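# Examining the three-dimensional arrangement
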Amino acid sequence: MASVQVSEAEKVYIMHGVRDDLRVDGRGCEDYRHMVIETDVVSNTDGSAKVSLGHSDILVGVKAEIGKPRALVPDEGYLEFFVDCSANATPEFEGRGGEELGIDLSNTLYKVFNNKHSIDLRSLCICPGEHCWVLYVDVLLLQCDGNLFDAISIAIKAALFNTRIPKVHISEDAEGGKEIELSDDPYDCVRLNVENVPCIVTLCKVGQRHVVDATLQEKACSVASLLLAVTHKGMVTCVRKMGGGSLDPESISEMTETGKRVGKALHAPLMDLLKKEEGLGKNRQKVGFLR
Amino acid sequence: MAADMRLPTAGEQISSSSLSLLDGKHLVVPGDVITSDTGFMRGHGTYMDEEKLTASVAGEVERVNKLICVRPLKTRFNGEVGDVVVGRITEVQQKRWKVETNSRLDSVLLLSSVNLPGGELRRRSAEDELSMRDYLQEGDLISAEVQSVFADGALSLHTRSLKYGKLGQGVLVLVSPSLVKRQKTHFHNLPCGASIILGSNGYIWLYPTPGQQDEEAGGYYTSMEPVPLSDREVISRLRNCLLVLAAHKILLYDTSVLYCFESSLSHQIKDILKPEVMDEIVMKTRQRLMEQEG
């Protein structure tokens, strides 16, 4: 991952700051940087969102295609994740540099989002055993400034909220062959229920305490972090420990409690914002990439 | 702990009144024809396009007799002798350190151009060479002055004064080098309770105002004592203020930083970076700066 160099004295300064609950940018340990969210930014996707968190910039596009359901679950659709680490974000990603991180991120996203607790996968089924919707979720990292997971999960939730899947009609001809007909009307579409889609909260252990939304400098001071996927009800759907250091059980349970609390609080403002944006309708001034 | 989420706001339109401030300045963007007169010489930031002198960067046109250059607005640091810089050690080599200073090439700090602990002046021995990493190691931050510029533009630094040397606890803020105003002194003990080094290379160091310093250490002793919370608050506020000023392209020098700090006092530190708070603080700061200029 993109990393920065930090001297010993700077580390000491950051760690003491976390201990005193006053981080370098004035935030407390459980504060997020402010986020800017916009949906429907890419016109040739079925749903898209752009999220900036500090200087981290994430673009997510969702494309729906008709595919064959998996043999084990014939009545469910599925999601595919792909994370592209653009060399714009950091020169380290040039060539194949971002591949490893991209695969790591997409595997984690797959675990977090592709289960029936997060999204009603049955609603993606068109014709059991034969056809289903496959949602290709493409994540593009435009800038990295720490806390990628949280920003990506929020961007995915916003993009899924924005996703509109065309309605299909199945007609059967005389020989029993099925024919799928897509609706021509762009407004004749179904929406996904994103209520249960979790948000990821990454907690970094810095010194004796833990912080949410760590900057790259704070990340450099921490040896281990815990990733939690939390739904709006506070249910934890995925836990992952990252980093080379170790965490003792006591701090893991402490971090889980904090993660639950913070994660739960993320959903309400996000949904409010998305609904507000939708309410603006066509009058909304699109900002996109030029600011 | 509440998360603050918002919709993006479109960038403000430049009004014609603010453009009038640029009167007398010849600004160009890449591709702009500067002159079609063939009597001029082609300098940095320009190229000949069908016999017309054209700008290759966005910036201000500068003319020296027959030579036309364009000084870019967004640039890496072009050091000049005497500039105060803040840099980070990237490599320890034979008799020299490599320093990252936001210029196009890594700068060098020669072992012979540092003050060794003890303050005595002597030839650098082989032992000194072996213990170079004890003084400065990779990742350490230093303040230094540009001693000379090599033919390829790389900088040679020196720290032969007690005010330069290794930096201890504090916060580094990165801004564009074009935003730092060149002044008599770049070291300031601000009256609000913290000190600042405005590196000409756009690296700005904020640190708690030091008390009585121990001369013996020669600037290589760093205190690892916790910084009191009150100092921390001031430093964090200053950090956010610097980012606010940089985001609105206001020149950074002691007065502008101080005015911005005072304008921000009515807000919480973590709120300073919110766009609407930012606009308000910048407006107040601009106003005070204008009043002061008269």
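Residues numbered from 1 in each chain as written. Chains lettered and ligands numbered in written order. Predicted model: local features only at pLDDT ≥ 70, side-chain atom pairs only at ≥ 80, totals over all residues. Heavy atoms only, no water.

### As for the UniProt feature "domain: Exoribonuclease phosphorolytic" (unreviewed entry) in chain A
Per the UniProt record, "domain: Exoribonuclease phosphorolytic" (unreviewed entry) is found at residues 32-166 and 196-261 of chain A. Segment residues 32-166 of chain A splits into 22% helix and 38% strand. End C-alpha atoms: 36 Å apart. (UniProt positions renumbered as here; feature names shortened; annotations may be inferred. Helix = DSSP H or I, 4+ residues; strand = E, 2+ residues; numbered from the N terminus.)

### Structural notes on helix 6 (residues 275-293) of chain B
Residues and elements named next belong to chain B. Here helix 6 contains 19 residues, and its C-alpha end-to-end distance of 27 Å stays within 8% of the 27 Å for a straight helix at 1.5 Å per residue. Turning to helix 6, its buried residues are Val 277, Met 278, Ile 281, Val 282, Thr 285 and Leu 289. Considered in projection along helix 6, the buried side chains sweep an arc of 125 degrees and stay on one side of the axis. Residues of helix 6 that are exposed and angled more than 90 degrees away from the buried face: Met 283, Met 290 and Glu 291. The inward-facing, buried residues of helix 6 abut helix 4 (229-247) and helix 5 (254-263). (Expected span 1.5 Å × (residues − 1). Buried < 20%, exposed > 50% of the residue type's maximum accessible area, 1.4 Å probe, protein only. Arc of directions from axis to C-beta. Contact = heavy atoms within 4.5 Å.)

### Section: the interface of chain B and chain A
Listed per partner, the contact involves 41 residues of chain B and 41 residues of chain A. Where chain B meets chain A, there are 3 salt bridges. With a shortest N-O distance of 3.0 Å, Lys 270 of chain B and Asp 31 of chain A are connected by a salt bridge. The interface formed by chain B and chain A includes 10 residue pairs in polar contact (both at pLDDT 80 or more). Put simply, the parts of the chain that give the side of chain B that touches chain A at least two residues each are strand 1 (5-6), strand 9 (84-93), strand 15 (171-174) and helix 4 of chain B. Per-element accounting of the side of chain B that touches chain A gives the leading share, 7 residues, to helix 4 of chain B. In terms of residue class, the side of chain B that touches chain A is built from 20 nonpolar, 10 polar and 11 charged. When strand 1 (residues 35-39) of chain A meets strand 1 of chain B, the two strands line up parallel, connected through 2 bridges. Among the inter-strand pairings, Val 36 of chain A is bridged to a residue of strand 1 of chain B, identified as Arg 6 of chain B. (Salt bridge = Lys/Arg side-chain N within 4 Å of Asp/Glu carboxyl O. Polar contact = N/O pair within 3.5 Å; in protein donor to acceptor, adjacent residues only side chain to side chain. Nonpolar A, V, L, I, M, F, W, Y, C, P; charged D, E, K, R; others polar. Pairing = 2+ DSSP bridges.)

### Points about the confidence of the model for chain B
Taken over all residues, the pLDDT of chain B has a mean of 87, while the share at 70 or more is 90%. Across the interface, the model reports ipTM at 0.87; the global pTM reads 0.89. (pLDDT = per-residue confidence, 0-100.)

### A few points about the UniProt feature "domain: Exosome complex component N-terminal" (unreviewed entry) in chain B
This chain's UniProt record puts "domain: Exosome complex component N-terminal" (unreviewed entry) on residues 27-64 of chain B. As annotated, residues 27-64 of chain B has a helix share of 0% and a strand share of 55%, and its two end C-alpha atoms lie 16 Å apart.

### Re the state of the cysteines
The final tally for this structure, using the stated rule, is 0 disulfides over all chains. Just so you know, Cys 199 of chain A is unpaired, no disulfide at all, and the nearest cysteine sulfur is the one on Cys 238 of chain A, 13 Å from it. With no disulfide of its own, Cys 241 of chain B lies 3.8 Å from the sulfur of Cys 260 of chain B, the closest cysteine sulfur. (Disulfide = S-S within 2.5 Å.)

### Some remarks on the pattern of salt bridges
One pass over the full model with this rule turns up 30 salt bridges over all chains. Across the pair Arg 133 of chain B and Glu 138 of chain B runs a salt bridge, and its minimum N-O distance is 2.9 Å. Judged by its relative accessible area of 44%, Arg 133 of chain B falls in the partly exposed class. Across the salt bridge formed by Glu 262 of chain B and Arg 288 of chain B, the nearest N and O atoms sit 2.8 Å from each other. One end of the pair, Glu 262 of chain B, is in helix 5; the other, Arg 288 of chain B, is in helix 6, with 26 residues separating them in the sequence. Accessibility expressed as a relative area gives 32% for Arg 288 of chain B, which makes it partly exposed. Linked through salt bridges whose partners overlap, the residues forming this network are Asp 25, Arg 27, Arg 33, Asp 145 and Asp 213 of chain A.

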